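Chain by chain, the residues:
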Amino acid sequence: GVQTCALPISEGILYEMVNIKTSNITSDDIAKAKFTFTVNKSWIDKNTVDSDTIKMQRLTSVWKTLPTEKISEDNDQITYLAETTGFSYFAITGLKPGEQYTVPEETVPTDEEVQKDLAREFDSMLWVYALIIIIALVMIWKGMGRKKKK
């Protein structure tokens, strides 16, 4: 579930903060997650924020910026896409023109890296299933051999 919260952020002007909790999912189950979010242009103008600096940040042991890109824009709002490797507290922030983030950026695997990892896991599981089938066939074959001797 999503709930709003208020925690101090390390830098940037806060637009919104949320805590995203998961059920029956651990961080190990997630290779990568993608979020879209919108920021009202009226907030950008009121706070003199450079729209190109808007980032989603994630709190692990420290705040880290997430890879964030602008994906669309209309007269009232801008939509962004952010990628993460887990869930916790998130903050949408922006900076004044000319400022830069100094907090580290979270390392998120590319889609190709995620696909390769999934393929490797699938390949390794095929060997396990093949071994189980071979053992089962040997046991059946040995069991049939015993019945014939009687």
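Residues numbered from 1 in each chain as written. Predicted model: local features only at pLDDT ≥ 70, side-chain atom pairs only at ≥ 80, totals over all residues. Heavy atoms only, no water.

The next subject is the overall build of the protein chain. Of the regular secondary structure elements, the protein chain holds 2 helices and 8 strands. Starting at the N terminus, the α and β elements of the protein chain follow one another as β-β-β-α-β-β-β-β-β-α. Classification of the 150 residues of the protein chain by burial places 31% in the buried group. Here the protein chain displays about 10300 Å² of accessible surface, and carbon together with sulfur accounts for 56% of that area. (Helix = DSSP H or I, 4+ residues; strand = E, 2+ residues; numbered from the N terminus. Buried < 20%, exposed > 50% of the residue type's maximum accessible area, 1.4 Å probe, protein only. Areas by Shrake-Rupley, 256 points an atom, 1.4 Å probe, with all protein chains shown as cover.)

A separate point is the packing of aromatic side chains. Any pair of aromatic rings gets described here by the distance separating the centres and the angle formed by the planes. Evaluated as defined, the whole model comprises 4 aromatic pairs. Relative to Tyr-80, the ring of Phe-37 lies with its centre 5.4 Å away and its plane at 15°, an arrangement referred to as stacked. Taken together, the residues span a long stretch of sequence, with Phe-37 in strand S3 (residues 33–40) and Tyr-80 in strand S7 (residues 77–84) at a distance of 43 residues. Three or more aromatic residues joined by ring pairs make a cluster, and in this case those are Phe-35, Phe-87 and Phe-90. (Phe/Tyr/Trp six-rings, centres within 6.5 Å; stacked < 30°, edge-to-face > 60°.)

Quick look at unusual backbone geometry now. A positive phi angle is found at Thr-48, which is not glycine, with a value near 50°. Mapping Thr-48 onto the fold places it in the loop between helix H1 (41–46) and strand S4 (50–59).

For the rest of this paragraph, the subject is the side chain of Thr-93. Here Thr-93 lies in strand S8 (residues 89–95). Of the residues examined, Thr-93 reaches a relative accessible area of 0% and is grouped as buried. Polar contacts involving the side chain of Thr-93 include one to the side chain of Gln-57, which spans 2.8 Å. Residues in contact with Thr-93, not counting those within four places in the same chain, are Ile-9, Glu-11, Gly-12, Ile-13, Leu-14, Thr-53, Ile-54, Lys-55, Gln-57 and Tyr-101. (Polar contact = N/O pair within 3.5 Å; in protein donor to acceptor, adjacent residues only side chain to side chain. Contact = heavy atoms within 4.5 Å.)

Next up on the list: the pattern of salt bridges. Once the charged atoms of two side chains with opposite charge are near each other, the side chains can pair. All chains considered together, the criterion is met by 4 salt bridges. Measuring nitrogen to oxygen at the nearest pair gives 2.8 Å for the salt bridge that ties Glu-73 to Lys-41. One end of the pair, Glu-73, is in strand S6 (residues 68–73); the other, Lys-41, is in helix H1, and 32 residues separate them in sequence. Given the relative accessible area of 47%, Glu-73 is considered partly exposed. Close ionic contact of Asp-52 with Lys-70 constitutes a salt bridge, the shortest N to O distance being 3.1 Å. With Asp-52 in strand S4 and Lys-70 in strand S6, the pair connects residues that are 18 residues apart, well separated along the chain. Note on Asp-52: relative accessible area 60%, which makes it exposed. (Salt bridge = Lys/Arg side-chain N within 4 Å of Asp/Glu carboxyl O.)

Attention shifts here to the side chain of Thr-79. Turning to its location among the elements, Thr-79 is positioned in strand S7. In this structure Thr-79 comes out as buried when scored by relative accessible area, which is 15%.

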